[in-house]
Structures are given as C-alpha cells and as structure tokens.
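This is what each chain is made of:
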Amino acid sequence: MKRILGTTAIILSLTGPAFADAHSAGFGTVTAQETDFFASDLIGMRIYNSETEVEANSTIAADGEKEWDDIGEINDVLLDAEGNVKAVILGIGGFLGMGERDVSVNMDEIRIVTEEGDMGDRFLVVTTSKEMLEQAPVFERMDDDADMDKEAKVDADADMKADAEVKEADVDANANADVDTETEVEADAEALANEAEMEAKEAVADTEKAVDEATTELNEEANDVEKADMDRPMLTAPAVEREGYANATVDDRNALTAEDLEGSYVYGADDETVGEIGALVMGDNGEVSQVVINVGGFLGIGEKPVAVTWDELQIMKNAEGDDFRIYIDSSEEALEAQPEYKG
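About the thresholds
- Residues numbered from 1 in each chain as written.
- Predicted model: local features only at pLDDT ≥ 70, side-chain atom pairs only at ≥ 80, totals over all residues.
- Heavy atoms only, no water.
- Salt bridge = Lys/Arg side-chain N within 4 Å of Asp/Glu carboxyl O.
- Helix = DSSP H or I, 4+ residues; strand = E, 2+ residues; numbered from the N terminus.
- Buried < 20%, exposed > 50% of the residue type's maximum accessible area, 1.4 Å probe, protein only.
- Contact = heavy atoms within 4.5 Å.
- Pairing = 2+ DSSP bridges.
- Axes fitted to C-alpha atoms, helices over the stretch in contact; angles between N-to-C directions.

1. Section: the pattern of salt bridges
Then, number 1: Tallied over the full model, the rule gives seven salt bridges.
Then, number 2: Close ionic contact of Arg46 with Asp70 constitutes a salt bridge, the shortest N to O distance being 3.0 Å. Of the two residues, Arg46 is situated in strand E1 (residues 46-49) and Asp70 in strand E3 (residues 69-79); the sequence distance between them amounts to 24 residues.
Then, number 3: Residue classification places Asp70 among the partly exposed residues on the basis of a relative accessible area of 31%.
Then, number 4: The partner of Glu340 in a salt bridge is Lys342, and the shortest N-O contact between them spans 3.8 Å.
Then, number 5: Each member of the salt-bridge network shares a partner with another, and the members are Arg46, Asp70 and Glu73.

Take a look at the structure:
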C-alpha cells in the first residue's frame, strides 16, 4: 500500500537534532514546523526510486509517483547518540524479486518531493539501481537480546564440547574390551545373513516352480475350453451383395476395434438379424481368434453366447467408410444350436 506523507509536523526532524537543548529550559519549547515529520508517519512509508536525479523539495504533477519504482517501505529509523536521524531502515524484496531484507539508507540520499494540488502529498525518493540494492549489505541490529543470544550460544557450544570430550574418553577406555565382543557379533551376524540368503533362494525357487505349474495348468484349461467351443463344423463366409457396400479389406478389418464391433448386429444371408457381437477373444499372438455372438433372448435376457472365427464372417463397408455390416451364413435357430461359449 502507498503510504503518503501528510503536511503534519514531526518530533524527529530530517535535518536537525531531536532536542534543542539538554537542560530543563528545552522542555516544551520545541514546536512542529511544516517541513517536519512525525516518526510514526515516517515508519511504514514507501520509498520510490527514480532513474533520473530528483532535486530536494521539488514538486511533481498529480500521480507523478507512478513513473517511479516502489522499492520498499521504512521499517525503522536510526538515530545517533545526539538524536539526529542518521538513516532509515528500508525493507526491500518485491522490487528485486526475492525475499524481503532490511538495508540502511542514509538520510542524505533521500529527497522529499511534493505533489502539486490541494492535497500537497509528499513522497520520499532516492536515485539508485537494482544492482546497487542487490549488493547492499543486510542491516544487522546490534541489540541486547542479540548479545545475550550470542553469549548463550557460546556457553552451549562450550558445554557440548566438554560433553563430547568426556564421551570420547569413555569410548577410548572401553575400546579394547569391546574388540572381542564386536568380533563375535560380526561372526554371528554373518552366519545369520548366510542362513537368511539360503532360505530366500529356496523360497524364490519354490515360488517360480508354483507359478510355472499354475501357468501350464491355465494354458491347458484354456486350450480345452477353446477346443470345446469350436468343436463344430466350420461355416463358410457368405458372399452377400448389397448396394452401396463392398467387402472390407484386410486393413479395414484389422483397423476395427472392440469398441467398433461390440453391440453391432450380425445378419444372415437373407439380411435377417441373427444376433449381435458380444465380445472379441484375443489369442496368444495378440490377434482376435474368436468373435462371440449373443443369440436369442429378449432385451439382453436369456441370450446364448456362441463363438465363431473371423473366417466365418463377411464384413462389408459402405462407400463413405462410416458404416459396417457383418454377415454370417447361418440362421438364428442354427446359431442357437451351436455349443455355448464358456469363456
């Protein structure tokens, strides 16, 4: 948020001492001038950076500060022993694209600029560069708490060092006595490791054997099922001719997916519906070995799955290539008489 300086006066003057005199006659005699600032107003104000030199106490047009870069806000004011303002502590970060950090800015580098108009708003302006701000050292606060923390850390480090030396002495004293024990432990550990390795190898061998036996059994069962499903006379693909359609090529057939085919009607040579494709069965070579046709039933209830091969089907494609018709040289009754697919 932009913090605008008002025309109110302050206790801390940017160019003069905090007190006019050190004796009692100075109490109540200092008054605020129009060019002064309150410290409470100064802290939290924004500082702007101008690429060109700005003269002190100059004026700018309304909203003229938008031409400058907002580089941060004043987090604190640094006074010398006599009460003079030495510098302000500027929190920067967003302007540089990094986390905020404090840097000190000498009061001699800051120019006060007044905005034209009735408001008379004032702005704090410096002339610097991004490189100079990046290279500026972080302002370190040297307060009593920091000193106490530093001393506490030194004491803690000393205690830790002393504890470490005591522990090291104990280890050296017991080192010789531990040698034999360590040797025995290492021997026991090695024996246990060898035993565990042998047991692991035996378990792996048993698992591989069981997997091989199960795979063989499943393959035999699958072969038996496939043989039973196809234990019937093979049908000859029909040679239907239909206007606007032609036999699909091998590439056309290979391009068909389960999504394209499943649910499609299967027609007899007389163009009567005999069933619909329920599923495609893949062979060990990754190609379609069987096509399952659901025959009979009503609304999907009571259907009988029957498996046929690609070679028993005639697949036709229309001239536009967006419609396929599938034919088989069989009636619905003849298909229902075929062995049921158990897959």
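2. With respect to the environment of Val266
Then, number 1: Structurally, Val266 can be placed in strand E9 (residues 265-267).
Then, number 2: The exposure class of Val266 is buried, given its relative accessible area of 0%.
Then, number 3: In this structure, Val266 is in contact with Glu272, Thr273, Val274, Gly275, Glu276, Ile277, Ile293, Ile326 and Ile328, ignoring residues within four places of it in sequence.

3. Topic: the sheet that holds strand E10 (residues 273-282)
Then, number 1: Spatial strand order, E8-E13-E14-E9-E10-E11-E12: seven strands in an open sheet with mixed pairing. Either end of the sheet is taken by a strand with one partner, and the two such strands are strand E8 (245-247) and strand E12 (304-308). Taken pair by pair, the neighbouring strands of this sheet meet at an average axis angle of 40°, ignoring direction.
Then, number 2: As paired strands, strand E11 (residues 288-295) and E12 are joined by five bridges and run antiparallel to one another. The residue bridging Val292 from the neighbouring strand is Ala307, located in E12.

Functional significance is not addressed by these values, which are geometric in nature.
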